[in-house]
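Architecture and fold: a report
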Amino acid sequence: MKYDYLVVGAGLFGATFAQQAKEAGKTVLVIDKRDHIAGNVYTKEVGKIHVHEYGAHIFHTNNHNVWEYLQRFATFNRFTNSPVANYKGELYSLPFNMYTFNQMWGVTTPEEAAAKIEEQKQQAGITDPKNLEEQAISLVGRDIFEKLIKGYTEKQWGRDCKDLPAFIIKRLPVRFTFDNNYFNALYQGIPVGGYTKMVANMLAGIDIELNANYLEDRHKWDAMADKVIYTGPIDGFYDYKLGCLEYRSVRFETEILDMANFQGNAAVNYTDRETPYTRIIEHKWFEFGKDEEGREIPKTIISKEYSWEWKQGDEPYYPVNDEANSALYQQYKDMADRETKVKFGGRLGEYKYYDMDAVVASALEFSEKELS
Ligand code: UDP
């Protein structure tokens, strides 16, 4: 059978494109090398808890179209992300807001907090922040940088904060209000029943083949469709011939605990340098500790997240968008732009630190162009 489209990768980009193509009357085959759909947003049900197998995914967006689009495939709960930072046993609220400033310095008003930050910024003599460290100090001052940012960031990225781009820290809000919501998004939540169910709904009625590795047999797969939408790593597509793009990878140590409540929150970040993991996720709190019938779940499941440098064969998670990698990506992209049968998309296809909503937005935009 010959399809109009072969979609390589059943993550959010692939699923969104496949859904749109089917709706436009195209025939689509989706393949994925893993034994499940949903890419890194995959959630696995273990004892009524939806475990975020590839790390915590909290959907949030300001994009009305994306939100409306996903409502077709899932009902979102009212989860609001408010991670707690644990620095050597001291607890701080995140993101950086009046609760954090109060816990750090005892200040009680926005004016006092702003003065404290300004004083520390002046002492550091930063006028035009050039890297993550300078950006962080100029946003929240040195104390917060030292206790809540430096250790965590160096663990997460395996690089000194001076060698990282400033934009990474600009992802986090800084607020002079008492508001622990990690995101400044209009819409936020977790799909009821987990992300896998949402992606399955997106892919309803579409042919799917799992355990199917495109790169291992691309002639066979290419012959199956007129066009290919490839959402895997772009450098892998070209056999890494110009070199490997770097990623950070993550490893999770997951445990089922015979207790109802381990840490009282979905995410606790360990922001010191010595604790080997970056954070602990307690999955049940993404759904308020209850199963789909609203019953309390007696056990709990936690995942400790360890970050390390990706090497070929590991799961790529975070693109390292520094200058060298961005330049290398551009070379691969120039090659990709010359392809006629294959189009590239998504976090790995575009080597981009994408949030989920941005992936869906980009897939919708791409679909509109491709399918019109
Ligand atoms: N970050 C930090 N301390 C924290 C949480 C985050 O320094 O407790 C920094 C860190 O550099 C991280 C960046 O903020 O890479 C962005 O964090 P975010 O939570 O957006 O990362 P993600 O959830 O995508 O892993």
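Provided above is the structure to which this section pertains.
These notes cover the structure that comes with them. (Residues numbered from 1 in each chain as written. Predicted model: local features only at pLDDT ≥ 70, side-chain atom pairs only at ≥ 80, totals over all residues. Heavy atoms only, no water.)

1. Some remarks on the overall build of the chain
Regarding its fold elements, the chain presents 13 helices and 16 strands. A compact globule built from 372 residues would reach a C-alpha radius of gyration of about 21 Å, and the chain, at 22 Å, matches this within 12%. Along the longest, intermediate and shortest principal axes, the C-alpha atoms of the chain span 70 × 50 × 35 Å. Sequence-distant contacts in the chain: of pairs separated by 6 or more residues, those separated by 24 or more amount to 73%. Carbon and sulfur atoms form 48% of the exposed surface of the chain, whose accessible area is close to 16,800 Å². (Helix = DSSP H or I, 4+ residues; strand = E, 2+ residues; numbered from the N terminus. Rg over C-alpha atoms; globule rule 2.2 N^0.38 Å. Contact = heavy atoms within 4.5 Å. Areas by Shrake-Rupley, 256 points an atom, 1.4 Å probe, with all protein chains shown as cover.)

2. Describing the site of the ligand
Lining the immediate surroundings of the ligand are 17 residues, of which Thr153, Trp157, Tyr182, Tyr318 and Tyr353 lie closest. Between the ligand and the protein, one listed contact pairs an oxygen atom with a side-chain N or O atom of Tyr353 at 2.6 Å. Isolated, the ligand exposes 520 Å² of accessible area, and the fraction of that covered by the protein chains is 92%. Per-element tally for the shell around the ligand: the top contributor is helix 6 (residues 142-157), with six residues. Along the lines of polarity and charge, the residues of the shell around the ligand split into eleven nonpolar, four polar and two charged. (Near = heavy atom within 4 Å. Polar contact = N/O pair within 3.5 Å; in protein donor to acceptor, adjacent residues only side chain to side chain. Nonpolar A, V, L, I, M, F, W, Y, C, P; charged D, E, K, R; others polar.)

3. Details of empty space enclosed by the protein
Counted according to the given criterion, the structure contains one cavity of 30 Å³ or more. Taken as a whole, the largest cavity holds about 30 Å³ of empty space. Around the largest cavity, the lining residues are Phe96, Ala136, Leu139, Val140, Ile149, Ile169, Leu172 and Val174. The element contributing the most residues to the lining of the largest cavity is helix 5 (residues 132-140), with three residues. Split by residue class, the lining of the largest cavity holds eight nonpolar, no polar and no charged. (1 Å grid on protein atoms, 1.4 Å probe; cavity = no way out; pocket = protein on both sides within 12 Å on 5 of 7 lines; lining within 4 Å. Points joined across faces, edges and corners; volume = space filled by probe spheres on them.)

4. Considerations on the sheet that holds strand 16 (residues 342-344)
One open sheet holds the five strands; their spatial order is 9-2-1-10-16, and the pairing between them is parallel. Lying at the two open borders of the sheet, with one neighbouring strand each, are strand 9 (207-209) and strand 16. Across the sheet, the axes of successive neighbouring strands diverge by a mean angle of 20°, strand direction being ignored. Strand direction decides the pairing type here: strand 1 (residues 3-8) and strand 2 (residues 28-31), joined by four bridges, are parallel. Bridge pairing in strand 2 places Leu6 opposite Leu29. (Pairing = 2+ DSSP bridges. Axes fitted to C-alpha atoms, helices over the stretch in contact; angles between N-to-C directions.)

5. A word on helix 2 (residues 64-71)
Those residues of helix 2 that sit buried are Val66, Trp67, Tyr69 and Leu70. Axial view of helix 2: buried residues confined to an arc of 160°, hence all on one face. Structurally, helix 2 contributes buried residues whose contacts are with helix 1 (12-23), strand 5 (59-61), strand 8 (187-189), helix 8 (195-202) and helix 13 (356-371). Among the residues of helix 2, the N-terminal cap falls to Asn63, whose side-chain oxygen and the backbone nitrogen of Asn65 are separated by 3.0 Å. (Buried < 20%, exposed > 50% of the residue type's maximum accessible area, 1.4 Å probe, protein only. Arc of directions from axis to C-beta.)

6. Examining the packing of helix 3 (residues 98-105) against helix 6
Interaxial distance between helix 3 and helix 6 falls to 11 Å at its minimum, and their mutual angle equals 95°. Here helix 6 runs roughly perpendicular to helix 3, going by the angle between their axes. Contacts from Thr100, Phe101, Met104 and Trp105 of helix 3 reach helix 6 at Asp143, Ile144, Lys147 and Leu148. Within the contact of helix 3 with helix 6, the residues separate by chemical class into five nonpolar, one polar and two charged. (Parallel < 35°, antiparallel > 145°, perpendicular 65-115°, else oblique.)

7. Observations regarding the packing of helix 5 against helix 6
Interhelical geometry of helix 5 versus helix 6 gives an angle of 145° and a closest axis separation of 9 Å. As helix 5 runs across helix 6, the sense of the crossing is right-handed. Counted together, Leu132, Glu133, Ala136, Ile137 and Val140 of helix 5 and Arg142, Ile144, Phe145, Ile149 and Thr153 of helix 6 form the full contact between these two elements. When the residues that make up the contact of helix 5 with helix 6 are grouped by side-chain class, the tally is seven nonpolar, one polar and two charged. (Left-handed = near helix turned anticlockwise from the far one by under 90°.)

8. Thoughts on the pattern of salt bridges
This model, assessed by the stated rule, comprises 26 salt bridges. A salt bridge links Arg159 to Glu246; the nearest nitrogen and oxygen atoms lie 3.5 Å apart. Here Glu246 lies in the loop between helix 10 (234-237) and strand 11 (247-257) and Arg159 lies in the loop between helix 6 and helix 7 (167-170), a separation of 87 residues in the sequence. Note on Arg159: relative accessible area 16%, which makes it buried. In this structure, Glu370 and Lys343 form a salt bridge, with 3.0 Å as the shortest nitrogen-oxygen distance. Taken together, the positions of Glu370 in helix 13 and Lys343 in strand 16 put the pair 27 residues apart, joining distant regions of the chain. Relative accessible area serves as the criterion here: at 13%, Glu370 is assigned to the buried category. We classify Lys343 as partly exposed; its relative accessible area is 26%. Here the residues in one salt-bridge network are Lys48, Asp291, Glu293 and Arg295, joined through shared partners. (Salt bridge = Lys/Arg side-chain N within 4 Å of Asp/Glu carboxyl O.)

9. So, the packing of aromatic side chains
Per the stated rule, a full pass over the model turns up 31 aromatic pairs. Judged by centre distance (5.4 Å) and plane angle (50°), the rings of Phe59 and Phe76 are tilted. Note that Phe59 is positioned in strand 5 and Phe76 in the loop between helix 2 and strand 6 (84-87), a separation of 17 residues in sequence. Per residue, the accessibility class of Phe59 equals that of Phe76, and both read buried. An aromatic cluster of at least three residues, connected via ring pairs, comprises Tyr214, Tyr230, Phe237, Tyr238, Tyr332 and Phe344. The cationic tip of Arg34 hangs over the ring face of Tyr54; the distance from NZ or CZ to the ring centre is 3.9 Å. The ring centre of Phe237 lies 4.6 Å from the NZ or CZ of Arg218, which sits over that ring. (Phe/Tyr/Trp six-rings, centres within 6.5 Å; stacked < 30°, edge-to-face > 60°. Lys NZ or Arg CZ within 6 Å of the ring centre and 35° of its normal.)

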